[in-house]
Amino acid sequence: MNTKIQNIFLIIFLCILSSSLRYPLIEQSSIWLDEAWRINASQMPLNSNITILANQLMSYEGLLRLAGHLIGSDEWSYRIPSNLSGIFSVPALFYLGLILTKNQKISFIAAVLLALNPWHITYSIEAASYSIGSFLVVLLF
């Protein structure tokens with residue numbers, strides 16, 4: 001089988017694996033205090049000061065603000081950005097491993113270990129910027 005086709009099937013498998021471990025847990029627990037603080041900060045009116053306005057729009061609270069306006073203002077909608085970034089960081093790590101090592105097996109093992117990592121799963125179901133940070137580190141490396 002062609003290597004590119006194998007990589008596509010592995011990416012699909014990794015996306016299914018990571019989403020099946022993360023998405024069902026997204027509403028398992030109620031909002032934590034730090035999540036409530038972030039959600040409250042994202043719902044505050046925009047400030048006219050350019051520095052504060054840039055912080056309100058270009059930070060994680062800006063992403064929560066966008067999710068709240070596009071999807072709705074419930075627990076699920078505020079946790080979905082972290083959830084999606086946690087899901088997509090797994091195939092991104094697979095591609096990063098392919099670029100760095102040129103070895104499909106090592107890249108796949110690293111991505112599966114990230115998909116099964118309980119800390120990464122936990123951070124992917126919270127309205128916090130941790131999983132987005134890991135996604136951006138892998139993506140921008």
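For the structure, check the block above.
All values derive from a computational prediction rather than experimental measurement.

Break down the overall build of the chain for me, citing the residues and quoting the values.
Of regular secondary structure, the chain possesses 8 helices and 0 strands. Ordering the α and β elements of the chain from the N terminus gives α-α-α-α-α-α-α-α. Each principal axis of the C-alpha atoms in the chain carries an extent, and together these give about 55 × 35 × 25 Å. At a minimum sequence separation of 6, the contacts of the chain that also span at least 24 residues come to 71%. Accessible surface, the chain: about 8500 Å² in total, of which carbon and sulfur atoms supply 71%. Across the chain, the 7 positively charged side chains and the 7 negatively charged ones have centroids separated by 19 Å.

So, the side chain of S18: which residues are in play, and what are the values?
Following the sequence through the fold, S18 ends up in helix α1 (residues 3–22). For S18, the residues in contact, after removing those within four places along its chain, are I87, V90 and A115.

Lay out a nonpolar patch on the surface with the relevant residues and their values.
Residues I5, I8, F9, I12 and I16 make up a contiguous nonpolar surface patch of roughly 480 Å² in combined accessible area. Structurally, the position occupied by F9 is in helix α1.

Tell me about the nonpolar core, and name the residues and values.
L14, V90, L93, F94, A111 and V138 are the most contacted members of the largest nonpolar core, which has 16 residues in total. Elements with a contribution of two residues or more to this core: α1, α5 (75–101), α6 (104–116) and α8 (130–140). Among the elements that take part in this core, α5 stands out by supplying 6 residues, more than any other. Those residues in contact with L93, other than ones at most four positions away along the chain, are A110, A111, L114 and V138. Residues I39, Y78, A127 and I132 belong to the second largest nonpolar core, which totals 6 residues.

Describe the packing of α1 against α6, and please don't skip the residues or the numbers.
Axis separation between α1 and α6 bottoms out at 9 Å; the angle between their running directions is 10°. Taken together, the axes of α1 and α6 lie roughly parallel to each other. For the pair formed by α1 and α6, the contact residues are T3, Q6, N7, L10, F13, L14, L17, S18, L21 and R22 on the first element and Q104, F108, A111, V112, L114, A115 and L116 on the second. Residues belonging to the contact of α1 with α6 are distributed by class as follows: 11 nonpolar, 5 polar and 1 charged.

Can you tell me about the environment of A115, naming the residues and giving the values?
Within the fold, A115 resides in helix α6. On a C-alpha basis, the gap between A115 and S42 in space is 29 Å, while along the polypeptide they are 73 residues apart. With near-sequence residues (within four places) excluded, A115 lies in contact with L17, S18, L21, R22, V90 and I121.

Describe in detail unusual backbone geometry, supporting the description with residues and values.
We note that K102 has phi near 60°; this positive angle belongs to a residue other than glycine. On the accessibility criterion, K102 (67% relative accessible area) is exposed.

Report on the packing of aromatic side chains, specifying residues and quantitative values.
The final tally for this structure, using the stated rule, is 4 aromatic pairs. Here the aromatic rings of F94 and Y95 are separated by 6.1 Å at their centres, their planes lie at 55°, and the arrangement is tilted. Summarising the aromatic geometry, the rings of Y123 and Y130 are spaced 4.7 Å apart at their centres and angled 55° between planes, so their arrangement reads as tilted. What makes Y130 partly exposed here is its relative accessible area of 41%. Every member of this aromatic cluster is reached through a ring pair, and the members are W119, Y123 and Y130.

So, how was this worked out
Position labels on residues start from 1 in each chain and follow its written sequence. For a predicted model such as this one, the threshold for reporting local features is a pLDDT of at least 70, and the threshold for listing and counting side-chain atom pairs is 80 or more; totals across whole chains, interfaces and linings nevertheless cover every residue. Excluded from the side-chain calculations are hydrogens and water; all other atoms, namely the structure's heavy atoms, are used. A run of DSSP states H or I qualifies as a helix once it reaches four residues; a run of E qualifies as a strand once it reaches two. Both are numbered from the N-terminal end. Residues count as neighbours in contact if any of their non-hydrogen atoms are within 4.5 Å of one another. Surface accessibility follows the Shrake-Rupley procedure with a 1.4 Å probe radius. Residue values consider only the protein chains on display as shielding. Neither His nor the chain ends is counted toward charge; the positive residues are Lys and Arg and the negative residues Asp and Glu. Where a charge lies is defined by one atom per residue type, namely NZ (Lys), CZ (Arg), CG (Asp) and CD (Glu). Patch membership needs two things, relative accessible area over 30% and no salt bridge, and members are linked within 9 Å if like-charged or within 5 Å if nonpolar (Val, Leu, Ile, Met, Phe, Trp, Tyr). Every case where a carboxyl oxygen of Asp or Glu lies within 4 Å of a side-chain nitrogen of Lys or Arg is listed as a salt bridge. In plain words, nonpolar cores are sets of buried Ala, Val, Leu, Ile, Met, Phe, Trp, Tyr and Cys residues tied together by side-chain atoms within 4.5 Å. Burial here depends on accessible area, computed with a 1.4 Å probe over protein chains only, as a share of the maximum for the residue type. Under 20% is buried, over 50% is exposed, and the range in between is partly exposed. Fitted lines through C-alpha atoms give the axes, limited to the stretch in contact for helices. The angle between two N-to-C directions lies from 0 to 180 degrees. If an angle is under 35 degrees, it is roughly parallel; if it is over 145, roughly antiparallel; if it lies from 65 to 115, roughly perpendicular; otherwise it is oblique. Under this grouping Gly is polar, as are all residues other than the nonpolar Ala, Val, Leu, Ile, Met, Phe, Trp, Tyr, Cys and Pro and the charged Asp, Glu, Lys and Arg. Two rings from Phe, Tyr or Trp (for Trp, the six-membered ring) form a pair when their centres sit within 6.5 Å of each other. Planes less than 30 degrees apart are called stacked, planes more than 60 degrees apart edge-to-face, and all others tilted.

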